[in-house]
Amino acid sequence: MKLSYRPLSFLLMGFVWVLIACLLGLALFLGMTTGRPYGQVFRSLHVHSALIGGVMQIIAGLLLAGREHRKSEPLIFIALNLGTLGMLIGQAHGHFPLMSLAAIVLLGAFFPLREDLVRQIRHSAMGAPVSYWFYGIAMVSLAGGLLAGTAVPLRLMPYEYIGQGRLLHIHLLTQGFVLLMIVGAMHAQFPAFLNARLHSPMLGQLTFTLLPLGFVVLLAGFLTATLWVQIPGGALMLIGALLYSYNIVRTWTDAGRPRKPASDLCLLATFYLVVAIACGILVSVNMLGDPPFMPFGSLHLTAYTHLAFIGFMLLSLLGALTDLLPRLMAEERTPSNKKRGPYEAALTGIIGRWSLIQLWALSVGTMCIAVVAALVWQYPLNATPVKAVAGAGALMLATGLGLFATKLVQMLIEDPERASKL
Ligand code: HEM
């Protein structure tokens, strides 16, 4: 297929990066649970391909897809992908100037998207003031997260603040930017999946107020290493997430509880968001004990964070791709309106295949990571229950992702001429 640099290319390329990252993640997870951990470089490659090449590129694709005239954007596409590649090569070779250059290129890639964001804010059902606050925090987080990521390796901040710099880098990008952008996009996209209205714009306004506020308080708690600030910050975020989930579920029930693969993925994702934030609060509460009430190692950290990374972020984005890809692919590949309808219907049929198995595989796989972390409180790493659940979890996640990837390939080889004759 010819690359058009339209939103479709961003979404497909984003998924390719996510897939690569998840394969690396599976290797990391199995390495951890078999007592043969991979090095820091491997971890960095996983994190950066997932978040930058994958999640950020899909977010850029979603913003571009909201345009009335979806024109080709080769510079943004090249900047995002070269920036990601530069970042990965820089990480692999420990080449700090290359990493910093890549961060600047990535920041530049988002600059032309500011007008798309302003358009999203103007059309937001939540109204301009609260949307400017919400997306303002998201944008400041993107810039601050990339700058903190540049400042740490280049030693632009005093040595004693490196730990805080790293915390700032990770939290600004994952929670401040990615989490807020996905929640913001879902307030518009989820009702659109169902051809319905958002249940309550007022609840949406509360979510748009509380989630960023909670995040700012939480960040202050991390930077000052004060658990009594982190916990209220987490609680504010939890209230925001609960209101968001309620609003999304009620939007679905108001629409007559339709069974659509895209909305199923997003509904499940809201559940994981609430669980992940609740677990985050428990992690802080655990640290109140000296020593902590329960031992907490890197496997526990991975299990808790991936309730958000896989359970919320990945499922929400797969939901968005499930809804948008058939439409965008039909639009790009069939110039005639007459052929577009049947072709889009054929593609929607393909992406809807095995959707229940895919949903369960991804969901149970994510839960298995959490169960493994809980099991190691009882058993040593090489015990059979730990190995069995870790193996089953990896298999489930690989199955869910493999199914999605197979359907994308089937969509790409589906002939528009054949579909329009059916
Ligand atoms: C099949 C899916 C995935 C698996 C099995 C997986 C596994 C892992 C593992 C084992 C680690 C810890 C590595 C270490 O400490 O040595 C890790 C870290 C990380 N992963 Fe993933 N991952 C997956 C998907 C994702 C996705 C989709 C994202 C982003 C949306 C993501 C973001 C991160 C981040 C930011 C870290 C570093 C912080 C942390 O340890 O939590 N991962 N992953």
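Structure report, in brief.

Moving on to the overall build of the chain. Summing up its helical and strand segments, the chain has 15 helices and zero strands in all. On C-alpha atoms alone, the chain measures out to a radius of gyration of 21 Å, which is about the 22 Å that the 2.2 N^0.38 rule sets for 422 residues. Projected onto its principal axes, the C-alpha positions of the chain cover 70 × 50 × 45 Å. Expressed as a percentage of its 422 residues, the buried residues of the chain come to 46%. Contacts in the chain between residues far apart in sequence, at least 24 positions, make up 77% of those at least 6 positions apart.

What follows deals with the packing of helix H6 (residues 128–151) against helix H7 (residues 162–193). At a minimum axis distance of 8 Å, the contact between H6 and H7 shows a crossing angle of 150°. By the criterion of interaxial angle, the relationship of H6 to H7 is roughly antiparallel. Considering only the axes of H6 and H7, their crossing is left-handed. When H6 is examined against H7, the residues Phe134, Tyr135, Ile137, Ala138, Ser141, Leu142, Gly144, Gly145, Ala148, Gly149 and Ala151 are found in contact with a partner set consisting of Gly165, Leu168, His169, Leu172, Leu173, Gly176, Phe177, Leu180, Met181 and Gly184. Considered class by class, the residues forming the contact of H6 with H7 number 13 nonpolar, eight polar and no charged.

It is worth spelling out the site of the ligand at this point. Residues in close proximity to the ligand total 26 residues, the closest being Cys22, Gly25, Ala50, Thr305 and Phe309. With nine residues, the top contributor of residues to the shell around the ligand is helix H11 (residues 298–333). Per-class residue counts for the shell around the ligand are 18 nonpolar, seven polar and one charged.

Within the largest apolar cluster, 122 residues are counted, with the highest numbers of intra-cluster contacts made by Leu11, Val55, Val178, Leu180, Met313 and Val372. Top element by residues in this core is H11. It accounts for 20 residues. If sequence neighbours within four positions are ignored, Val55 has contacts with Ala50, Val178, Met313 and Leu317.

Compared with the 44 Å implied by 1.5 Å per residue over 30 residues, the 43 Å span of helix H14 (residues 384–413) between its first and last C-alpha is a close match. Among all positions in H14, only Val386, Val389, Ala390, Gly393, Ala394, Met396, Leu397, Gly400, Leu401, Phe404, Lys407 and Leu408 are buried. Residues of H14 that are buried in the fold lie against helix H1 (7–33), H11, helix H12 (337–351) and helix H13 (355–375).

Bringing the environment of Ala103 into the picture now. With respect to the helices and strands, Ala103 occurs in helix H4 (residues 96–110). The spatial distance from the C-alpha of Ala103 to the C-alpha of Asn195 is 38 Å, given a sequence separation of 92 residues. Excluding residues within four positions of it along the chain, Ala103 makes contact with Leu146, Gly149 and Thr150.

For the rest of this paragraph, the subject is the environment of Arg333. Following the sequence through the fold, Arg333 ends up in helix H11. By C-beta crowding, Arg333 is classed as buried, having 20 other C-beta atoms within 10 Å. When the C-alpha atoms of Arg333 and Gly214 are compared, they prove to be 44 Å apart, with 119 residues separating the residues in sequence.

About the criteria used
Residues numbered from 1 in each chain as written. Predicted model: local features only at pLDDT ≥ 70, side-chain atom pairs only at ≥ 80, totals over all residues. Helix = DSSP H or I, 4+ residues; strand = E, 2+ residues; numbered from the N terminus. Rg over C-alpha atoms; globule rule 2.2 N^0.38 Å. Buried ≥ 20, exposed ≤ 12 C-beta atoms within 10 Å, placed from the backbone. Contact = placed C-beta atoms within 7 Å. Axes fitted to C-alpha atoms, helices over the stretch in contact; angles between N-to-C directions. Parallel < 35°, antiparallel > 145°, perpendicular 65-115°, else oblique. Left-handed = near helix turned anticlockwise from the far one by under 90°. Nonpolar A, V, L, I, M, F, W, Y, C, P; charged D, E, K, R; others polar. Near = placed C-beta within 6 Å. Core = buried A, V, L, I, M, F, W, Y, C linked by C-beta atoms within 7 Å. Expected span 1.5 Å × (residues − 1).

Everything listed here is a matter of geometry and, on its own, says nothing about what the molecule does.
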